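If you want the building blocks of each chain, they are given just below.
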Amino acid sequence: YVDVRVESGAIDVGVVVHIYDVAHDLGVSPMERLLAEAVLRAQAARIQNLLHSRLTLLSVGRPLEGATWSPPEPLPDRQAIRLSARFDSRHAPGRLTIRAVMFPYDGQHQSFVNFYERGQLASQAILDGGRPEFDFFSGTRQGILAVLQKFVPSGVHHILIGPDHLL
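Let me begin by describing the structure that accompanies this report. Within every chain, residues take consecutive numbers counted from 1 along the sequence as written. The predicted origin of the model limits local features to residues at a pLDDT of at least 70 and limits the giving and counting of side-chain atom pairs to 80 or more, whereas totals for whole chains, interfaces and linings rest on all residues. Heavy atoms from the whole structure form the basis of all side-chain values; hydrogens and water molecules are not counted.

A word on helix α1 (residues 19–26)
Heads up, the rule is: We call a residue buried when its accessible area falls under 20% of the maximum for its residue type, exposed when it is over 50%, and partly exposed in between, using a 1.4 Å probe and counting protein chains only. In DSSP terms, a helix is any run of H or I states spanning at least four residues, a strand is any run of E spanning at least two, and both are numbered starting from the N terminus. A contact between two residues is defined here by any heavy atoms of the two lying within 4.5 Å.
Those residues of α1 that fall on the buried side of the exposure criterion are I19, D21, V22, A23 and L26. Buried-residue contacts for α1 involve β2 (10–18), α2 (37–54) and β6 (80–88). With its phi angle positive at about 70°, G27 sits one or two positions after the end of α1.

Structural data, given as structure tokens:
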């Protein structure tokens, strides 16, 4: 589960991952060990690197960088762990793209993504191996411009080469 909160000045990302998947990819057995504080502390860098390598945020096509991931926090009732990151941003981007194939060993794995803007749920997506990327367009002027920049060229292309338009 990924929550992306777009605010002016920052983009906050919260990630909740099941211990089964993390334990599989890191070779931790039994998986319940990941719920112990001492084991989480010892595995923190590996978990952070794992998530960082499989989750990318892009602002208008450029990767967001410079975020520091929080230490993993156990969620025993959910058999999961939570991490968060904060990306500083001078302003909210018009288009924010998320790319994620969180656990490629499982061809059926899905990541549920929620985008929040100004504290309100603005968009949702499900990412998997067949759809690893999603574009979020903010409700700002920059967002409107980003929509136009993405879809107007496609519309013109369709009109110029579409068989129904050529006829």
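Moving on, there is more to tell.
Looking at the pattern of salt bridges
Once the charged atoms of two side chains with opposite charge are near each other, the side chains can pair. To be explicit about the condition: Take a side-chain nitrogen of Lys or Arg and a carboxyl oxygen of Asp or Glu: if they are within 4 Å of each other, that pair is a salt bridge.
Here the structure, examined in full by the defined rule, presents 6 salt bridges. Close ionic contact of E73 with R82 constitutes a salt bridge, the shortest N to O distance being 3.3 Å. R95 is the partner of D135 in a salt bridge, and the nearest nitrogen-oxygen pair spans 3.9 Å. Linking D135 in strand β10 (residues 133–137) with R95 in strand β7 (residues 95–100), this pair joins segments that are 40 residues apart in sequence.

Structural notes on the layout of surface pockets
As a reminder of what qualifies: Detection works on a 1 Å grid of protein atoms alone, calling trapped sets that fit a 1.4 Å probe cavities and calling open sets with protein on both sides within 12 Å along at least five of seven lines pockets, with lining residues defined by an atom within 4 Å of a point. Grid points are joined across faces, edges and corners, and a volume is the space filled by probe spheres set on the points.
There is about 170 Å³ of room inside the second largest pocket. If you trace the second largest pocket, you find it lined by V13, H52, L55, T56, L57, P63, L64, E65, G66, A67, W69 and F87.

Details of the pairing of strand β3 (residues 55–59)
Selection rule: Note on pairing: two strands pair once DSSP finds at least 2 bridges between them.
Most of β3 sits out of view: 4 of its 5 residues are buried. As paired strands, β3 and β7 are joined by 5 bridges and run antiparallel to one another. Residue pairing for β7: S59 is matched across the bridge by L96. Of the strand pairs in this sheet, β3 and strand β4 (residues 62–63) are connected by 2 bridges, and their pairing is antiparallel. Within the sheet, the bridge partner assigned to L58 lies in β4 and is P63. The loop that links β3 with its antiparallel partner β4 comprises 2 residues; one of these, V60, has a positive phi angle of about 50°.

A look at the environment of A44
Within the secondary structure layout, A44 lies in helix α2. Sequence separation of A44 and L34 is 10 residues, and the distance between their C-alpha atoms is 10.0 Å.

Looking at unusual backbone geometry
Between S29 and the following residue, P30, the backbone shows a cis peptide bond with an omega angle of -10°. Turning to its location among the elements, P30 is positioned in the loop between α1 and α2. Residues other than glycine seldom take positive phi values, yet Q79 does so here, at roughly 50°. Mapped onto the fold, Q79 is located in the loop between β5 (73–75) and β6. A positive phi angle is found at R118, which is not glycine, with a value near 50°.

Re the nonpolar core
As a reminder, the rule being used: For the purposes of this section, nonpolar cores are sets of buried Ala, Val, Leu, Ile, Met, Phe, Trp, Tyr and Cys residues that join through side-chain atoms within 4.5 Å.
The biggest cluster of nonpolar side chains holds 38 residues, and the ones touching the most others in it are V4, V13, V15, L55, L96 and I98. Top element by residues in this core is α2. It accounts for 5 residues. Once you skip the residues sitting within four places of it in the chain, L96 turns out to touch V4, V6, I11, L57, L58, S59, L64, F115, F134, D135 and F136.

Remarks on α2
We count it as follows: An expected span of 1.5 Å times one less than the residue number is assigned to each helix. Each residue is assigned a bend, namely the angle between axes fitted to the seven residues that terminate at it and the seven residues that start at it.
In a regular helix each residue adds 1.5 Å, so 18 residues correspond to 26 Å; α2 covers 24 Å between its end C-alpha atoms and thus fits that length. At Q43, α2 shows its largest bend, some 60°. Considered for burial, the residues of α2 that qualify are V39, L40, Q43, A44, I47, Q48, L50 and L51. Buried residues along α2 sit in contact with β2, α1, β3, β5 and β6.

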